[in-house]
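Survey of secondary and tertiary structure
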Amino acid sequence: MKIIPGISSQVLATRIAAELDCKATLCEYKRFPDGELYTRIVDDIKNEEVVIVQSVNSDSDLIYLLQLIDAAEEASNTKVVIPYLGYARQDKKFKPGEAISARAIARSISAADLDTIYVVNVHNSNVLQFFEADTKELDVSSLIGDYISREGIAPVVIIGPDAGATDLTAAVAAPFGFEYDVLEKKRITGVEVEIKPKALSVEGKNVVIVDDIISTGGTIAEAASLLKAQNASDIYVACIHGVFVQNAVLRMLNAGVKTVITTDTIESVFSKVSIAEMLAGVLKK
Ligand code: R5P
């Protein structure tokens, strides 16, 4: 087996290769003067089983992924790992005439003859149905819980910023016996709303706010400010996919967040949790 590291997942792909004791192939990526992208798999992969690892967190990442899939045509069998599947939040028509972006992306990726596609904690698992190839979702949320438990951030409460984060919050907290809750918005008057954890008090406790994706940091910054106002002690933030656009990290730190924790589905200095071992385990089967 050979691992083909996409341009956006170089570190993760190399870690997976190390876990599987196989080679990460050399690839060449460049941009032509007119802006078009170029991709070449330098090493010979003829008749090899290959695994392409490439997150899609920008438009160019999608083109690179499609090019890698095409370039791997001589492999005997191609699996694709998409650690972060961008565009997954536009998973239905919210207004007439809109593209279902997740479907468009899924169709373009799975048009080739692929063995299996692996995605990691997709925003809404319903998007799996849009892929024409066999597609499996890997849930890595327990790795976040494990990290929190090893860091010894006690006493700790795990808080989801909204009802949509309920399952993730439970998946991070329950296996490790952490208390958990989600924030709930309650209308007091026509102009006044109260946002607080549904059932638990955070007073004097360390809090880890968890979400699947952090993009602008707005959701987390708002949640952190509210929890600070309720006298939470240290506030940590953990997510699966740290997109961190523009000044997202600054916004969160300014709102009182002590530390940001994320995985290497999108590689950054905050990628303290690696999903490589779990992915390698799945690829071995
Ligand atoms: C939304 O449903 C997601 O779960 C995240 O809460 C959202 O993507 C976070 O976005 P932002 O960081 O821009 O507030």
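Attention in this report is confined to the structure presented alongside it. Because the structure is predicted, anything quoted here is derived from the model rather than measured. (Residues numbered from 1 in each chain as written. Predicted model: local features only at pLDDT ≥ 70, side-chain atom pairs only at ≥ 80, totals over all residues. Heavy atoms only, no water.)

1. With respect to the overall build of the protein chain
Inclusion rule: The helix count covers DSSP runs of H or I at least four residues long, the strand count covers runs of E at least two residues long, and both are numbered beginning at the N terminus. Radius of gyration: over C-alpha atoms. The globule rule applied is 2.2 Å multiplied by the number of residues raised to the 0.38 power. Think of it in three bands: residues with accessible area under 20% of the maximum for their type are buried, residues over 50% are exposed, and the middle band is partly exposed, with areas taken using a 1.4 Å probe on protein chains only. For this analysis, residues touch if any pair of their heavy atoms sits within 4.5 Å. Here the accessible surface of atoms and residues is derived via Shrake-Rupley with a 1.4 Å probe, and residues count as covered only by protein chains that are part of the display.
Helix and strand counts for the protein chain come out as eight helices and 15 strands. For 285 residues, the compact-globule estimate of 2.2 N^0.38 gives 19 Å, and the protein chain sits close to it at 20 Å. Oriented by its inertia axes, the alpha-carbon framework of the protein chain measures out at about 65 × 45 × 35 Å. A burial count over the protein chain gives 49% of its 285 residues as buried. Counted over contacts in the protein chain with a minimum sequence separation of 6, partners at least 24 positions apart contribute 60%. Working note: accessible area of the protein chain is about 13,500 Å², and carbon and sulfur atoms make up 47% of it.

2. Some points on the site of the ligand
For the record, the criterion: We call a residue near a molecule or strand whenever a single non-hydrogen atom of that residue lies within 4 Å of it. Polar contacts, as used here, are pairs of N or O atoms within 3.5 Å; protein pairs need one atom able to donate a hydrogen and one able to accept it. Residues neighboring in sequence count only if both atoms are side-chain atoms.
Taken together, R89, H123, D211, D212, I213, I214, S215, T216, G217, G218 and T219 are the residues near the ligand. At 3.5 Å, a side-chain N or O of H123 approaches an oxygen atom of the ligand. In this structure, D211 approaches the ligand through a side-chain N or O atom, which is 2.6 Å from an oxygen atom. Notes on the ligand: free accessible area 380 Å², of which the protein chains cover 79%.

3. Observations regarding the environment of A133
Assignment of secondary structure puts A133 in the loop between β7 (116-120) and β8 (135-138). If we skip the residues at most four places from it in the chain, A133 touches S110, L114 and I117.

4. Details of the environment of T169
Relative to the helices and strands, T169 is located in helix α5 (residues 166-173). On the accessibility criterion, T169 (0% relative accessible area) is buried. As for T169 and I158, which are separated by eleven residues in sequence, their C-alpha atoms are 6.6 Å apart. Each residue touching T169, except ones within four places of it in the same chain, is listed here: I158, I159, G160, Y180, D181, V182 and V210.

5. Description of the packing of helix α4 (residues 141-151) against α5
Spelled out, the test is: Whenever a helix is involved, its axis is fitted only over the stretch in contact; in every case the axis is a line through C-alpha atoms, and angles between N-to-C directions fall within 0 to 180 degrees. The scheme is simple: roughly parallel for angles under 35 degrees, roughly antiparallel for over 145, roughly perpendicular for 65 to 115, oblique for anything else. Take the far helix as your reference; a near helix turned counterclockwise from it by less than a right angle gives a left-handed crossing, and one turned clockwise gives a right-handed crossing. Charged means Asp, Glu, Lys or Arg here, nonpolar means Ala, Val, Leu, Ile, Met, Phe, Trp, Tyr, Cys or Pro, and polar covers whatever is left, Gly included.
At a closest axis distance of 7 Å, the pairing of α4 and α5 adopts a crossing angle of 50 degrees. As judged from the angle between their axes, α4 and α5 are oblique. Where α4 crosses over α5, the handedness of that crossing is right-handed. Residue-level contacts link S141, S142, I144, G145 and I148 of α4 to L168, A171 and V172 of α5. Split by residue class, the contact of α4 with α5 holds five nonpolar, three polar and no charged.

6. Overview of the pairing of strand β9 (residues 156-160)
To keep things clear, this is the line we draw: Each pair of strands is called paired provided DSSP finds at least two bridges between the two strands.
In terms of residue burial, β9 counts as a mostly covered element, since five of its five residues are buried. The alternating pattern of β9 places V156, I158 and G160 and V157 and I159 on opposite faces, both of which are buried. Bridging between β9 and strand β12 (residues 206-214) involves four bridges; their strand directions are parallel. Considered in β12, the bridge of I159 is made with I209.

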